[in-house]
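# Descriptive structure summary
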Amino acid sequence: MPDASPEPASKTDDNSSPIGGGNGPSLSHTSNPAPLRQLHGLSVNALTDAYLFTGDAKEHERLDDQHVALCLMIGGFFPTGAQSAVNSAVKVPENGPKPAILDLGTGSGAWAIGVAKQVPHADVVGLDLVPVNPSSELPPNCTFEVCDVNTALDRYSDKSFNVVHMRMMLQGIKDYATLFNQVSRILRPGGVLVVIEAVWTSFDANMVRIQAEKPTDPDNVHHKRCHCERVHEIIEELGKDTYKSVSNYSFFMPVGAWPTDLTERQAGELIGDSVIRAQTSIRPLLLNHGITGDELDRWAEGLQAEVKGNKVHQYIKIMVTWAVKVDN
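Since the model is a prediction, treat every value here as computed from it, not as a measurement.

When helices and strands are counted, the chain shows ten helices and nine strands. Residue burial in the chain is summarised as follows: out of 328 residues, 53% are buried. Long-range pairs, those at least 24 residues apart, make up 73% of the contacts in the chain with a sequence separation of at least 6. Looking at the chain as shown, the accessible area adds up to about 14600 Å², and 50% of this sits on carbon and sulfur atoms.

This is how it looks when you write it as structure tokens:
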């Protein structure tokens, strides 16, 4: 893992190479000009009920911190093990179309902007349910589109992208088989699919899953629905005639600034703050599921005391998967 702090967007070197080095920008955001609907007094996207996290500027700031923490832990914009395949996929072709990279569920846009700056010869497109509003000028090779990934991938023709990247967005997907079949369709031969997802539950200091105390308590609802730990199996089920290799690993992200390792402590502090702020981000979803505001307030107060006081050492399990499409 790297031992350097992430650089802000203004310090990213457009001529740096290969793709994936560095840790991307730290962006600030202005208010979102796009129409958002109000749900339980908070702003959420207006396109789907499948993803009911907030979609405002504060949420984008939280996602920026999450972005930096993940880049610290995996070694850059892409997993180290996928680096060679990604470099091959986006190299400048002697003949053929310009390299293109698609970021599904781009969130704050930090990942897409950082990659666009590192790979100026490739077009980078970020898709999300709400617009991205970076404080700095976008690279000329980076664009964003507002759409629902569940229904919008038909807009792209076969073999459109050299790399497709997905990170922390599967909880908003309605049909995994359809999604991964669509991604396979739009990937070019030799293209790379990268999926980074969290298991939506906590693990204790011994990296053992923390179970709900009572049958009535919420127990990793998102994890059960998303099958995040099975992503590599879902991709492998597409067959050897689709992907010539599928690789995966997992790591434990600390929640809070308690680790002794510098990189883990930096990442853990960012994720700890992100988890605290996520209590507001996820509030519309939980209220929609019938949990009372008083109960959510009580949870948030307890969580903040645990994380800020380093009273409980916890981890989030991150699943990392990448697959290389066949060459023909």
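Read on, since the account is not over.
Moving on, we get to the pattern of salt bridges. Tallied over the full model, the rule gives 14 salt bridges. With its nearest N and O atoms 3.2 Å apart, the salt bridge here joins R209 to E229. Residue R209 is located in the loop between β7 (187-203) and α6 (221-226), and its partner E229 is located in the loop between α6 and α7 (231-236); the two are separated by 20 residues in the primary sequence. The exposure class assigned to R209 is partly exposed, which follows from its relative accessible area of 23%.

A separate point is the nonpolar core. Counting residues in hydrophobic clusters, the biggest one holds 44 residues, and the most contacted among them are F78, I101, V115, V163, F251, M253 and I318. Those elements that provide at least two residues to this core are α1 (57-74), α2 (83-90), α3 (110-118), β7, β8 (243-255), α8 (262-281), α10 (293-308) and β9 (314-325). Ranked by residue count, the leading element in this core is α1, at seven residues. Once residues within four sequence positions are removed from consideration, I318 is found in contact with L70, M168, I196, E197, A198, Y249, S250, F251 and M253. Of all hydrophobic cores here, the second largest spans 29 residues; its members include F161, V164, V183 and V195.

Applying the stated criterion across every chain yields a total of eight aromatic pairs. Between F252 and Y315 the ring centres are 5.9 Å apart and the planes differ by 75°, which places this aromatic pair in the edge-to-face class. On the criterion of sequence distance, the pair formed by F252 in strand β8 and Y315 in strand β9 is long-range, its members being 63 residues apart. Pair check on accessibility: F252 and Y315 agree, each one buried.

Quick look at α1 now. Taking 1.5 Å of rise per residue, the 18 residues of α1 would be expected to cover 26 Å, and the 26 Å separating its terminal C-alpha atoms lies within 8% of that figure. Across the 18 residues of α1, 15 count as buried, placing the element largely inside the fold.

Orientation of α8 relative to α10, taken along the N-to-C sense of each, is 175°, at an axis distance of 10 Å. If you check the angle between α8 and α10, you find them roughly antiparallel. Note on element contacts: α10 touches α8 through A300, L303, Q304, V307 and K308, opposite G272, D273, V275, I276 and Q279. Across the contact of α8 with α10, the residue classes tally to five nonpolar, three polar and two charged.

Next up on the list: the confidence of the model for the chain. With 84% of its residues at a pLDDT of 70 or more, the chain has an overall mean of 84. Across residues 1-33, confidence stays below pLDDT 50; counting only partners more than four residues off in sequence or on other chains, it has 99 contacts. Considering only residues more than four positions removed or in separate chains, one finds that residues 220-225, a stretch of pLDDT under 50, has 18 contacts.

Those residues of helix α5 (residues 176-186) that sit buried are Y176, L179, F180, Q182, V183, S184 and I186. A side-chain oxygen of the first residue of α5 lies 3.1 Å from the backbone nitrogen of A177; this N-cap is D175.

For a regular strand, side chains alternate in direction, first toward one face of the sheet and then toward the other. For strand β3 (residues 100-104), a buried count of five out of five residues is recorded, marking the element as mostly surrounded by other parts of the structure. Here β3 shows two buried faces, one formed by A100, L102 and L104 and the other by I101 and D103. Two strands pair when backbone bridges link them, and β3 and strand β4 (residues 123-128) are joined in this way by five bridges, in the parallel orientation. Bridging across to β4, D103 finds its partner in G126.

How each quantity is defined
- Residues numbered from 1 in each chain as written.
- Predicted model: local features only at pLDDT ≥ 70, side-chain atom pairs only at ≥ 80, totals over all residues.
- Heavy atoms only, no water.
- Helix = DSSP H or I, 4+ residues; strand = E, 2+ residues; numbered from the N terminus.
- Buried < 20%, exposed > 50% of the residue type's maximum accessible area, 1.4 Å probe, protein only.
- Contact = heavy atoms within 4.5 Å.
- Areas by Shrake-Rupley, 256 points an atom, 1.4 Å probe, with all protein chains shown as cover.
- Salt bridge = Lys/Arg side-chain N within 4 Å of Asp/Glu carboxyl O.
- Core = buried A, V, L, I, M, F, W, Y, C linked by side-chain atoms within 4.5 Å.
- Phe/Tyr/Trp six-rings, centres within 6.5 Å; stacked < 30°, edge-to-face > 60°.
- Expected span 1.5 Å × (residues − 1).
- Axes fitted to C-alpha atoms, helices over the stretch in contact; angles between N-to-C directions.
- Parallel < 35°, antiparallel > 145°, perpendicular 65-115°, else oblique.
- Nonpolar A, V, L, I, M, F, W, Y, C, P; charged D, E, K, R; others polar.
- pLDDT = per-residue confidence, 0-100.
- Polar contact = N/O pair within 3.5 Å; in protein donor to acceptor, adjacent residues only side chain to side chain.
- Pairing = 2+ DSSP bridges.

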